[in-house]
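The chain contents come next:
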Amino acid sequence: MKYFTLLITAFLMQGSLFSQTSALREPLKELSSDLELRYKGRPGIKIALLEFRTSDDRLLPFNAFIRDEFVLNYQKSTEFKLIDPFMSAKVATDNAWSMKTVSSFPYYEKLGRQFMEKTGYVPDAYIYGQIQDNQESITITAYMVFTGSTDAKVIYAISFPSDEQTDRLLGKPVKIRPKVKPAPDTVYVEKRIEVKSDPDTVYVERLIVVEPEVEIAPQAEPEPAIIPSDGLPAADYEQFHFQLTEIRYIGDKLYIRFTVVNNNNIENELYIGAPATRIITNEGDEYLRPEVSLGSAQSNYSVNKKLVSGIPMKAELVFSQIPPDLTIKLLEISVQDGKIMFKELPVGR
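Report on the accompanying structure. (Residues numbered from 1 in each chain as written. Predicted model: local features only at pLDDT ≥ 70, side-chain atom pairs only at ≥ 80, totals over all residues. Heavy atoms only, no water.)

1. Remarks on the pattern of salt bridges
Now for step 1: Enumeration according to the criterion identifies 15 salt bridges in this entry.
Now for step 2: Among the ionic pairs, E69 bridges to R25, the shortest N-O distance being 3.3 Å. Linking E69 in helix α3 (residues 61-74) with R25 in helix α2 (residues 25-38), this pair joins segments that are 44 residues apart in sequence.
Now for step 3: Judged by its relative accessible area of 0%, E69 falls in the buried class.
Now for step 4: With a relative accessible area of 6%, R25 lands in the buried category.
Now for step 5: Between D133 and K172 there is a salt bridge, and its shortest N-O distance comes to 2.8 Å. Residue D133 is found in strand β3 (residues 125-133), and its partner K172 is found in the loop between α6 (164-169) and β6 (187-189); the two are separated by 39 residues along the sequence. (Salt bridge = Lys/Arg side-chain N within 4 Å of Asp/Glu carboxyl O. Helix = DSSP H or I, 4+ residues; strand = E, 2+ residues; numbered from the N terminus. Buried < 20%, exposed > 50% of the residue type's maximum accessible area, 1.4 Å probe, protein only.)

Right under this line is the structure:
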């Protein structure tokens, strides 16, 4: 354990010390924590961290940053026990891991043998992820695949605003954004990160932000979309107008079709994410991660297209293994870094 502690120490010193005050730490902490909370199984399983690649399958410095934060966040976890992160990174690199290999059962068998040879362990599960650059926001989706399967059983996504650091981590030109001034009474106490190793312990001090108590007015619940005379609702998100056109069963699949129009006077890119898109039925059941289509783009992860001003584009959500005769109490579609909502939707055949 002392040896592994020293490995973690070196790993963190190598990649994460430059991010002491980074705004990225909180969303990545939420991502790793929620992934752990969604896991329902025996505690202490052995996890191999693979890679976090962009939606077009590029490996960028962002990967090392995310991986370092996952190591930091899981060091005291009772659910997940990380296999040597240095070795996990090396095995992934040596075996040319990419988003194209995530559905290959023979590949995971080969990967398991490599881990056994290099570390003495066969992982119980693998964690990997996808980074989606939405220009002014970033969406990171984490997936957990258990040994003996190629289907991700635990999925969680998080979105947060882009900043100068995310630009650097994505290898793109740095855009200087206006800084938000803190409230006059906000006090920031910054502490240097110190990593110390007792026989079995790593201690990390974080940035502490002390803020005055502010009374926040309660926010009203989002209003459901108004249903027009043709029976299916429409909704707007920023410059985009969404119009549902058809909701029906075909076999054991539920198809939700709609059109999207860019009402801005310039071309704009639209992003729709599958992991955070969901329906909730009249029985209270939740169904997540449909297959998403936008124009000619189709994926179980995310799709994006540039929409010309005023020209509608067809889109579709396909939910599999849906029971018959349900009523959709709520439909939430993950759009850009937010969502649109529809309530009480009729389902036809």
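2. Details of the sheet that holds strand β4 (residues 137-146)
Now for step 1: Pairing is mixed across the open sheet formed by 5 strands, whose spatial order is β2-β1-β3-β4-β5. Edge positions in the open sheet fall to β2 (80-82) and β5 (152-161), since each of these has one partner strand only. In this sheet, neighbouring strand axes are inclined to one another by 30° on average, regardless of whether the strands run parallel or antiparallel.
Now for step 2: Pairing analysis gives 9 bridges linking β4 to β5, with the strands arranged antiparallel. Across the sheet, T141 pairs through a bridge with A157, a residue of β5. (Pairing = 2+ DSSP bridges. Axes fitted to C-alpha atoms, helices over the stretch in contact; angles between N-to-C directions.)

3. Quick look at the pairing of β4
Now for step 1: Of all the 10 residues making up β4, 9 are buried; the element is thus mostly covered by neighbouring parts of the structure.
Now for step 2: In terms of strand pairing, β3 meets β4 through 9 bridges, oriented antiparallel. Within β4, the residue paired with D133 across the bridge is I138.
Now for step 3: Between the end of β3 and the start of β4, which pair antiparallel, lie 3 residues, with Q135 showing a positive phi angle near 75°.

4. Considering the packing of aromatic side chains
Now for step 1: Evaluation of the coordinates by the stated rule reveals 12 aromatic pairs.
Now for step 2: For the ring pair Y143 and Y301, a centre distance of 5.1 Å and an interplane angle of 90° mean the geometry is edge-to-face. With Y143 in strand β4 and Y301 in the loop between β16 (297-299) and β17 (302-307), this residue pair connects regions lying 158 residues apart in the sequence.
Now for step 3: An aromatic cluster is present here, built from Y39, F52, F70, Y74, F80 and F146 joined pairwise through their rings. (Phe/Tyr/Trp six-rings, centres within 6.5 Å; stacked < 30°, edge-to-face > 60°.)

5. With respect to unusual backbone geometry
Now for step 1: For A96, which is not glycine, the phi dihedral falls at a positive 55°.
Now for step 2: Residue position: A96 is located in the loop between α4 (85-94) and α5 (105-119).
Now for step 3: Among the residues examined, A96 registers a relative accessible area of 55% and is labelled exposed.
Now for step 4: Unusually for a residue other than glycine, E344 sits at a positive phi of about 55°.
Now for step 5: With respect to the secondary-structure elements, E344 resides in strand β20 (residues 338-345).

6. With respect to α5
Now for step 1: Taking 1.5 Å per residue as the helical rise, α5 with its 15 residues ought to reach 21 Å, and the 21 Å between its terminal C-alpha atoms agrees with that figure.
Now for step 2: If you check which residues of α5 are buried, you get Y107, Y108, L111, G112 and F115. Each buried residue of α5 lies within a common arc of 140° when the element is viewed along its axis, so the set occupies one face. For α5, exposure combined with an orientation more than 90 degrees from the buried face picks out P106, R113 and E117.
Now for step 3: Along its buried surface, α5 packs onto β1 (45-54), α4, β3 and β4.
Now for step 4: The N-cap of α5, judged by a side-chain oxygen 3.2 Å from the amide nitrogen of Y107 a few residues on, is S104.
Now for step 5: At the exit of α5 stands G120, carrying a positive phi of roughly 85°. (Expected span 1.5 Å × (residues − 1). Arc of directions from axis to C-beta. Contact = heavy atoms within 4.5 Å. Polar contact = N/O pair within 3.5 Å; in protein donor to acceptor, adjacent residues only side chain to side chain.)

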